[in-house]
Amino acid sequence: MNHRSLAFRLGAWYTLLLSATFVLVGTGTFYGLQHFLRSNLRDSLSRRSIQVEQILMQAPLDATNGSIAREIDTRLAPEFNNRFIRVTREPATLIYRSGRPANRSFDPSAVRAIAVMNATAASAPVTEVLGDQHLMIRTTLIDTITGKYLLELGTSIESLQATLDRLLDLLALLLPVLIVCAAGGGYWLVSWALRPVDRLSQTAEQMSLQNLALRLPVVPSGDALERLSISLNTMLGRLRDSVQTSRRFLADASHELRTPLTVIKGELQELIHESSLTKSELRERVGSVLEEVGRLEHLVSGLLVLSRLDAGETQRDWADVDLAELALSTAEQMRLMAEDRGIAIDLSALRKTVIRGDQARLKQIIVNLLDNAIRFTPPGGTVALRTAADDTGGVLEISDTGIGIPSSSIPHVFDRFFRVDEGRSREDGGAGLGLAIVKSICSAHGAEIEVQSSPDCGSCFRVGFPRRSIAPAAVEAPAA
Ligand SMILES: Nc1ncnc2c1ncn2[C@@H]1O[C@H](COP(=O)(O)OP(=O)(O)OP(=O)(O)O)[C@@H](O)[C@H]1O
Ligand SMILES: [Mg+2]
């Protein structure tokens, strides 16, 4: 048996408490019964004593000692009732003393006198137990016309003692049995109560990354144990989701990396075997390989950014950043790309919006959203940037008049490697990581991103920064 186990310790405490209760109840029963039996005897003694008092009080002046003794003997029959009666007239004349009782429990001649407080005047009766004689004696002083009497009236307490002895024997026999039963029962009860916890731990031991679908048995106890099993199962669900997401991400990343690598390998193998290439042909082939390498680089740097964001790196260097200024400078850097595609950039709605954040990451949000807006907008379209700060927080909005996103794809645009039109996006160099990165940066800044889009009308990406991230600089004049 494990002495440090919860079952043992709880069982031991339970046994201790129950044993103390048994002992208390046993002691209480013993003394209660003793008190009850003795007070019964005392009552009966007082009734008999009153009878003798009446005989003494009613005795005529010329009554002899013998006639009083006979009267007592006839009316009370003390030997037959196992009683002791001794009447003494003051100062020391023995008038009557009962004989040996029928049950031989005491010797009347050996019963010693009990001192009464005031032997000269009538006083309250005194009741005492003479253990050596097995007697309860009531001593009364009676003042009558024929003289002062000391009446000693006793009764045998043998049957009372026998009853109490029997009770003691019973308690001595029962208590150890009850304590042993309490100890065994307590240990079994606690072990039984802890069995669900055992089952929980056994199931938990069977779990590994391979069988994360396994769930702990829910204990329907309606208490902390049930809540614990439910929360552990919820936690396991989240753990499984996150492991599955990581696995999917790894599989997708490998798949995405394999495509450009296969293309590069094919191109290079062809180059080895074709010896009669002209210089311009060679440049063209190498150019195509370089294009794939560029794609690979784009993909790998996207993966790197995501893994750094997952590791929570962005928390480090936060500062006050004006979103309007940042949007302005970023748009200026990307203006050439937009002009190449015949797209106008509208910066008229930029208002000073200072928030706390990581400037480099916030810039990445603008770059990725602007890059998408320019790439997915046909020539002649417009891309507009808006920043604003109000009581509810800061807002960054990038909208375009482009091809839009079908409503069925909108819930997935922030997923890693998701592209609405796989082929076309990959052609364009897109890895499907841009919006996933934006989403991660937003989460790290406590911001929410939402998209409104309809095919052929354009899209609008809106990033809402919470109020607490707004630096104490309010809405001001346009920065551009
Ligand atoms: N402004 C937009 N207009 C229309 N479709 C868009 C827009 N922004 C994103 N999308 C769609 O959402 C998909 C996911 O965008 P995301 O930026 O994550 O990937 P990507 O641009 O294809 O690749 P990457 O950004 O990694 O270069 C895009 O492939 C595109 O189909
Ligand atoms: Mg993109």
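Residues numbered from 1 in each chain as written. Chains lettered and ligands numbered in written order. Predicted model: local features only at pLDDT ≥ 70, side-chain atom pairs only at ≥ 80, totals over all residues. Heavy atoms only, no water.

1. With respect to the layout of surface pockets
- Space inside the second largest pocket adds up to approximately 240 Å³.
- Surrounding the second largest pocket, Thr245, Arg248, Phe249, Asp252, Leu306, Phe414, Asp415, Arg416, Phe418, Ala436, Lys439 and Ser440 form its lining.
- Those elements that place two or more of their residues in the lining of the second largest pocket are helix H4 (224-273) and helix H9 (434-444).
- Ranked by residues supplied to the lining of the second largest pocket, first place goes to H4 with 4 residues.
- Each of domain 2 (224-308) and domain 3 (316-469) gives at least three residues to the lining of the second largest pocket. (1 Å grid on protein atoms, 1.4 Å probe; cavity = no way out; pocket = protein on both sides within 12 Å on 5 of 7 lines; lining within 4 Å. Points joined across faces, edges and corners; volume = space filled by probe spheres on them. Helix = DSSP H or I, 4+ residues; strand = E, 2+ residues; numbered from the N terminus. Domains from an automatic or database assignment.)

2. A short note on the domain arrangement of the protein chain
- Domain assignment breaks the protein chain into domain 1 (6-162), domain 2 (224-308) and domain 3 (316-469).
- A separation of 108 Å is found between the C-alpha centroids of domain 1 and domain 3.

3. Side note on the environment of Glu292
- Here Glu292 shows up in helix H5 (residues 279-310).
- Given the relative accessible area of 9%, Glu292 is considered buried.
- In this structure, the C-alpha to C-alpha distance between Glu292 and Leu336, residues 44 residues apart in sequence, is 23 Å.
- Among all residues touching Glu292, those that are not within four sequence positions of it are Pro260, Val263 and Ile264. (Buried < 20%, exposed > 50% of the residue type's maximum accessible area, 1.4 Å probe, protein only. Contact = heavy atoms within 4.5 Å.)

4. Details of the sheet that holds strand S7 (residues 344-350)
- In space, the 5 strands of this open sheet follow the order S7-S9-S10-S12-S11, with mixed pairing throughout. Edge positions in the sheet fall to S7 and strand S11 (448-454), since each of these pairs with one other strand and no more. Looking at each pair of strands side by side, their axes are set apart by 15° on average, direction ignored.
- Two strands pair when backbone bridges link them, and strand S10 (residues 393-400) and strand S12 (residues 458-466) are joined in this way by 7 bridges, in the antiparallel orientation. Across the sheet, the residue bridging to Gly394 is Phe465, located in S12.
- Packed onto the sheet, helix H7 (residues 359-375) meets strand S9 (382-390), S10, S11 and S12 and runs at close to 25° relative to S10. (Pairing = 2+ DSSP bridges. Axes fitted to C-alpha atoms, helices over the stretch in contact; angles between N-to-C directions.)

5. Observations regarding the nonpolar core
- With 50 residues, the main nonpolar core has Ile365, Leu369, Leu370, Leu385 and Val463 as its most contacted residues.
- Both domains that furnish three or more residues to this core are identified here as domain 2 (224-308) and domain 3 (316-469).
- For Ile365, the residues in contact, after removing those within four places along its chain, are Leu396, Val438, Ile441, Cys442 and Val463.
- In this structure, Leu45, Ile55, Leu76 and Ile85 belong to the second largest nonpolar core, which totals 25 residues. (Core = buried A, V, L, I, M, F, W, Y, C linked by side-chain atoms within 4.5 Å.)

6. Points about the pattern of salt bridges
- Counting across every chain of the model gives 15 salt bridges.
- Put simply, Arg100 and Asp107 hold a salt bridge, and the shortest N to O gap is 3.9 Å.
- Judged by its relative accessible area of 26%, Asp107 falls in the partly exposed class.
- One salt bridge connects Arg285 with Glu267, and the closest N-O pair in it is separated by 3.6 Å. In this pair, Arg285 sits in helix H5 while Glu267 sits in helix H4, placing the two residues 18 residues apart along the sequence. Like Arg285, the residue Glu267 is buried in the burial classification.
- Residues joined in a network through salt bridges with shared partners are Glu267, Glu270, Glu274 and Arg285. (Salt bridge = Lys/Arg side-chain N within 4 Å of Asp/Glu carboxyl O.)

7. Considerations on the sheet that holds strand S4 (residues 135-144)
- Read across the open sheet, the 5 strands follow the order S2-S1-S5-S4-S3; overall the sheet is antiparallel. Each of the sheet's edge strands pairs with one partner strand only, and the pair in question is strand S2 (93-97) and strand S3 (126-130). Across the sheet, the mean angle separating the axes of adjacent strands is 20° when strand polarity is ignored.
- Relative to S4, S3 runs antiparallel, the two being bridged by 5 bridges. Within S4, the position partnered with Val126 by the bridge is Thr139.

8. Regarding the packing of aromatic side chains
- With the rule as written, the count across this model stands at 5 aromatic pairs.
- Centroid distance Phe30 to Tyr31: 5.1 Å. Interplanar angle 90°. Geometry classified as edge-to-face.
- A residue is classified by how much of its surface remains accessible, and Phe30, at 13% relative accessible area, is buried.
- Considering the side-chain rings of Phe414 and Phe461, the 6.3 Å spacing of their centres and the 90° angle between planes classify their relative orientation as edge-to-face. Here Phe414 is found in the loop between S10 and helix H8 (422-427), whereas its partner Phe461 is found in strand S12, with 47 residues between them in sequence.
- Its end group placed over the ring of Phe249, Arg416 keeps NZ or CZ at 4.8 Å from the ring centre.
- Between Lys439 and the ring centre of Phe414, over which it is positioned, the NZ or CZ distance is 5.5 Å. (Phe/Tyr/Trp six-rings, centres within 6.5 Å; stacked < 30°, edge-to-face > 60°. Lys NZ or Arg CZ within 6 Å of the ring centre and 35° of its normal.)

9. So, a nonpolar patch on the surface
- On the surface, Tyr14, Trp188, Leu189 and Trp192 cluster together into a nonpolar patch covering about 450 Å² of accessible area.
- Of all the elements, helix H3 (residues 158-206) adds the most residues to the nonpolar patch, at 3 residues.
- Checked against the element boundaries, Leu189 lands in helix H3.
- Residue classification places Leu189 among the partly exposed positions, given a relative accessible area of 40%. (Patch = residues over 30% accessible without salt bridge, like charges linked within 9 Å, V, L, I, M, F, W, Y side chains within 5 Å. Areas by Shrake-Rupley, 256 points an atom, 1.4 Å probe, with all protein chains shown as cover.)

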